[in-house]
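Listed below are the residues making up each chain.
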Amino acid sequence: MSVTTKKLAAPSVLPVYGILFAISSGHFINDTLQAVVPAMFPILEKELQLTYTEIGWIAFMLNMTSSVLQPVFGYFADRKPSPFLLPIAMLFSMIGVLGYAMFQHFLFLLLAVMFIGMGSAIFHPEGSRVAYMAAGNRRGFAQSIYQVGGNTGQSLAPIITAFILVPLGQKGAALFMLVALLGAIILYRVSLWYRKQTMHSRIKPKHQTSKTRLSHIPHPVKGAIALLIFLVFVRSWYGAAISNFYQFYLIEDYGLSIREAQIYVFIFMFASVIGTFIGGPIADRIGKRTVIFGSLLGGAPFALMLPHVPLIGVIPIVFLLGIILFSSFSVTVVYAQELVPRNVGMVSGLIVGLAFGMGAIGAVFFGGMADAFSIRSVMVVSSFLPLFGLLTWRLPSDHTIRSWYQ
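Everything numeric here is computed off the predicted structure, so don't read it as measured data.

S.K.: Any chance you could explain a nonpolar patch on the surface here in plain terms?
M.R.: A cluster of nonpolar side chains, Leu98, Met102, Phe103, Phe108 and Leu111, forms an exposed patch at the surface whose accessible area comes to about 420 Å². Contributions of two or more residues to the nonpolar patch are made by helix 5 (85-102) and helix 6 (106-133). Position of Leu111 among the secondary structure elements: in helix 6.

Next comes the structure, spelled out in structure tokens:
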């Protein structure tokens, strides 16, 4: 009897691959538009004579706008799903990219970047919801497909710098308006599928809704979410140090040109894409907490070595560091969704938005540190952050989380 019950309770449901790849493509385009912002930093620093602190504030505006608004949009989407927010989000980003390409004044650049951040804030909660809905019973794998699109887009920042912005300058960013238009078309198609799913959910029996409403959320969930937030904070601060300032470290300490420095940053970002993709399927097999633990603590030795190795050792270290550190990127989202299964949109916005928000604060902090001390001090101090991964053992196991909601 128990075996039959288990089979009925957990039927094999395959992912909707067409939708997963479409929303991943939308995620790729969204984060490519965001990648234009840090890709422009060496150009703005040279052409507009911006300080490291001002560069940090631009990163802050992008990431904090997204961070603050993502949980808000996620909260309201949980109450009333809004499928067509997806293409609208892309149009916000398109407006921001145009301003970022044209404005010459620091304050107007902040305004343009705010629009890009708002587009990201609208997109991410709804994008995570679509990935969750299309996942079947392979949520880690589905979230990896979704997140790998975004991380691939982010990884293009050095390529955008080297091959578009260095030869074309600031105005070269205007080319990405066409990319945003393509993204809006793709996401409109996803929205049509999303709307059908929400219409289907409205006709489910009422007893399912009341059961969900009355289900108990245990008190330990609050502590687990708080600790997960801190771990995302740690990973995001280190990511901000690498993505925003490591290129300047390579230029100053190793004597590389802007274009040469982008190669090393790209290797780190590309490795993060690989890590994001493999992390989800591994978590489906060995558990999400295990992957989160191995991601942070496993990356710590490489982070500690990075500021001190000769140039020949940088490539293998940044490659391994990117794979290991970002193997938990999609896993933390799925882990949070399973902690709070009734508020998928809000908690997805909280975790993903928090990653941007904490990176924003880190960018300002490290920018000020670089101006006050040196860019090398940023890399040395940030290298100790992954050691906080030791705290992961305090998170509840996957089995414990499932037992809370049975």
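S.K.: Could you clarify how one ought to interpret the pattern of salt bridges in this entry?
M.R.: Where side chains of opposite charge bring their charged atoms close, a pairing between them can arise. Within the structure shown, the criterion is met by three salt bridges. For the salt bridge of Asp253 with Arg376, the shortest nitrogen-to-oxygen distance reads 3.4 Å. Taken together, the residues span a long stretch of sequence, with Asp253 in helix 11 (residues 220-254) and Arg376 in helix 17 (residues 375-382) at a distance of 123 residues.

S.K.: I keep staring at the side chain of Ser382 and nothing clicks. Help me out?
M.R.: Along the chain, Ser382 falls in helix 17. Judged by relative accessible area, which is 0%, Ser382 ranks as buried. Within the structure, Ser382 has its side chain in polar contact with the backbone oxygen of Val378 (distance 2.9 Å). Once residues within four sequence positions are removed from consideration, Ser382 is found in contact with Tyr238, Ala241 and Phe366.

S.K.: It is not clear to me how helix 15 (residues 329-339) should be interpreted in this structure. Could you clarify?
M.R.: Helical periodicity: at 3.6 residues per turn, an α-helix aligns residues three or four positions apart in one direction. Within helix 15, 11 of the 11 residues are buried, which leaves it mostly tucked inside the rest of the structure. Regarding helix 15, the residues found buried are Phe329, Ser330, Val331, Thr332, Val333, Val334, Tyr335, Ala336, Gln337, Glu338 and Leu339.

S.K.: Hey, could you run me through the environment of Leu85 in this one?
M.R.: By the secondary structure assignment, Leu85 is in helix 5. You can call Leu85 partly exposed: its relative accessible area is 22%. In sequence terms Leu85 and Glu126 are 41 residues apart; their C-alpha atoms lie 7.7 Å from each other.

S.K.: Explain the packing of helix 8 (residues 157-168) against helix 12 (residues 258-286) to me, please; I cannot follow it from the model alone.
M.R.: Between helix 8 and helix 12, whose axes approach to 7 Å, the crossing angle comes to 160 degrees. Classified by the angle their axes make, helix 8 and helix 12 are roughly antiparallel. Residues Pro158, Ile159, Thr161, Ala162, Val166 and Pro167 of helix 8 form the contact with helix 12, whose own contacting residues are Ile258, Arg259, Gln262, Val265 and Phe266. Along the lines of polarity and charge, the residues of the contact of helix 8 with helix 12 split into eight nonpolar, two polar and one charged.

S.K.: Looking at this structure, how should I read the packing of aromatic side chains?
M.R.: Here the distance between the centres and the angle between the planes together describe a pair of aromatic rings. By the definition in use, this model includes 18 aromatic pairs. Measuring from centroid to centroid gives 6.4 Å for Tyr17 and Phe21, while their planes differ by 25 degrees, and the two rings are stacked. Highlighted residues: Tyr17 and Phe21, both in helix 2 (residues 17-39), separated by four residues, approximately one helical turn. Ring geometry for Tyr246 versus Tyr249: centroids 5.7 Å apart, planes at 25 degrees, classification stacked. In this pair, Tyr246 and Tyr249 both sit in helix 11, three residues apart, roughly one turn of the helix. Tyr249 matches Tyr246 in its accessibility class, with the two residues each being buried. Members of the aromatic cluster, each reached through a chain of ring pairs, are Phe230, Phe233, Trp237, Phe365, Phe366 and Phe388.

Cut-off values and rules
- Residues numbered from 1 in each chain as written.
- Predicted model: local features only at pLDDT ≥ 70, side-chain atom pairs only at ≥ 80, totals over all residues.
- Heavy atoms only, no water.
- Patch = residues over 30% accessible without salt bridge, like charges linked within 9 Å, V, L, I, M, F, W, Y side chains within 5 Å.
- Areas by Shrake-Rupley, 256 points an atom, 1.4 Å probe, with all protein chains shown as cover.
- Salt bridge = Lys/Arg side-chain N within 4 Å of Asp/Glu carboxyl O.
- Helix = DSSP H or I, 4+ residues; strand = E, 2+ residues; numbered from the N terminus.
- Buried < 20%, exposed > 50% of the residue type's maximum accessible area, 1.4 Å probe, protein only.
- Polar contact = N/O pair within 3.5 Å; in protein donor to acceptor, adjacent residues only side chain to side chain.
- Contact = heavy atoms within 4.5 Å.
- Axes fitted to C-alpha atoms, helices over the stretch in contact; angles between N-to-C directions.
- Parallel < 35°, antiparallel > 145°, perpendicular 65-115°, else oblique.
- Nonpolar A, V, L, I, M, F, W, Y, C, P; charged D, E, K, R; others polar.
- Phe/Tyr/Trp six-rings, centres within 6.5 Å; stacked < 30°, edge-to-face > 60°.

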